[in-house]
Amino acid sequence: MCSSDLLDPIDGTKGFLRQEQYAVALALLEDNEVVLGVLGCPNLRLGGMPEGALMVAVKGQGTKLMPLGGSGQDRTVAVSSLGGPSEARFCESVESAHSSHGTAAQIAEILGITRQPVRMDSQAKYASVAHGDSQIYMRLPTRADYRECIWDH
């Protein structure tokens with residue numbers, strides 16, 4: 001069995017510099033399959049938590065949300081259940097260079113989504129979707145030669 005890990009020590013450098021959203025992300029891969037993910041979001045307040053969030057996902061075991069400062073209970077999180085796509089909310093990058101806001105707006109219009117998108121930096125967007133604060137995250141290319149990097153996901 002081949003194992004490796006991926007670490008992004010500061011995902012969302014611009015958000016970090018603005019003292020907004022950034023994440024510390026770690027994944028464990030076995031045979032090129034993610035089996036463990038840990039996402040630390042020091043500035044992300046989820047579910048009324050007074051401090052940042054740590055999310056831990058183990059394949060087949062769901063995702064746990066833990067307050068970073070230890071002042072609350074760990075809890076299992078789940079994505080939202082919606083009656084239809086028009087009830088969804090997009091989550092997208094603050095930086096329009098990272099994802100096409102215009103294309104996302106066109107998709108939202110087609111789906112009948114009227115809620116304003118949640119805009120934040122970094123992989124904290126995954127925490128927003130996992131927690132149910134938003135339901136759709138797409139990283140839409142802004143240019144033909146754009147290439148995704150594994151550490152951004």
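Computed from a predicted structure; not experimentally measured. (Residues numbered from 1 in each chain as written. Predicted model: local features only at pLDDT ≥ 70, side-chain atom pairs only at ≥ 80, totals over all residues. Heavy atoms only, no water.)

Asker: What should I look at first to understand the nonpolar core in this one?
Answerer: Of all hydrophobic cores here, the largest spans 17 residues; its most connected members are Leu39, Cys41, Leu44, Leu46, Met55, Leu65 and Ala127. Contributions of two or more residues to this core are made by β2 (23-30), β3 (33-41), β4 (53-58) and α3 (124-131). Examining the composition of this core, we find that three residues originate from one element, α3, more than from any other. Residues in contact with Met55, not counting those within four places in the same chain, are Gly37, Val38, Leu39, Leu46, Thr63, Lys64, Leu65, Val77, Ala127, Ala130 and His131. Within the second largest apolar cluster, seven residues are counted, among which are Ala88, Phe90, Ala104 and Ile113. (Core = buried A, V, L, I, M, F, W, Y, C linked by side-chain atoms within 4.5 Å. Buried < 20%, exposed > 50% of the residue type's maximum accessible area, 1.4 Å probe, protein only. Helix = DSSP H or I, 4+ residues; strand = E, 2+ residues; numbered from the N terminus. Contact = heavy atoms within 4.5 Å.)

Asker: What is the right way to read the environment of Gly83 from this model?
Answerer: Take Gly83: it is sitting in the loop between β6 (75-77) and β7 (90-92). Looking at Gly83, the relative accessible area reads 69%, which means it is exposed. Considering only alpha carbons, one finds Gly83 and Ser134, 51 residues apart in sequence, at a separation of 14 Å.

Asker: Would you mind showing me how to read the side chain of His131 here?
Answerer: Following the sequence through the fold, His131 ends up in helix α3. When its relative accessible area of 18% is taken as the criterion, His131 is described as buried. A distance of 3.1 Å separates the side chain of His131 from the side chain of Asp133, its partner in a polar contact. Each residue touching His131, except ones within four places of it in the same chain, is listed here: Leu46, Gly47, Met55, Leu65, Arg75, Val77 and Ala78. (Polar contact = N/O pair within 3.5 Å; in protein donor to acceptor, adjacent residues only side chain to side chain.)

Asker: Please explain the packing of aromatic side chains as it appears in this structure.
Answerer: Within a pair of aromatic rings, the relevant descriptors are the distance that separates the centres and the angle that separates the planes. One pass over the structure, following the stated rule, counts two aromatic pairs. Between Tyr126 and Tyr137 the ring centres are 5.2 Å apart and the planes differ by 85 degrees, which places this aromatic pair in the edge-to-face class. Here Tyr126, found in helix α3, pairs with Tyr137, found in strand β9 (residues 136-137); they are eleven residues apart in sequence, far enough to count as distant. (Phe/Tyr/Trp six-rings, centres within 6.5 Å; stacked < 30°, edge-to-face > 60°.)

Asker: What's the story with the pairing of β2 in this structure? I'm lost.
Answerer: For a regular strand, side-chain orientation follows a simple rule: the groups alternate between the two sheet faces. Across the two faces of β2 the burial differs, with Ala23, Ala25, Ala27 and Leu29 buried and Val24, Leu26, Leu28 and Glu30 not buried at all. Pairing geometry for β2 and β3, over seven bridges, is antiparallel. Paired with Leu28 across the two strands is Leu36, which belongs to β3. What sits between the antiparallel neighbours β2 and β3 is a turn of two residues, in which Asp31 has the positive phi angle 50 degrees. (Pairing = 2+ DSSP bridges.)

Asker: In this structure, what is going on with the pattern of salt bridges? I would like to understand it.
Answerer: Opposite charge on two side chains lets them pair, provided their charged atoms get close. Applying the stated criterion across every chain yields a total of seven salt bridges. A salt bridge links Arg18 to Glu95; the shortest N-O distance between them is 3.1 Å. Here Arg18 is found in the loop between α1 (13-17) and β2, whereas its partner Glu95 is found in the loop between β7 and α2 (101-111), with 77 residues between them in sequence. Owing to a relative accessible area of 33%, Arg18 belongs among the partly exposed residues under this scheme. When its relative accessible area of 17% is taken as the criterion, Glu95 is described as buried. Here Glu33 makes a salt bridge to Lys59, at a shortest N to O gap of 1.7 Å. Residue Glu33 is found in strand β3, and its partner Lys59 is found in the loop between β4 and β5 (62-67); the two are separated by 26 residues along the sequence. Through salt bridges that share partners, Lys14, Arg18, Glu20, Glu95 and Asp121 make up one connected network. (Salt bridge = Lys/Arg side-chain N within 4 Å of Asp/Glu carboxyl O.)

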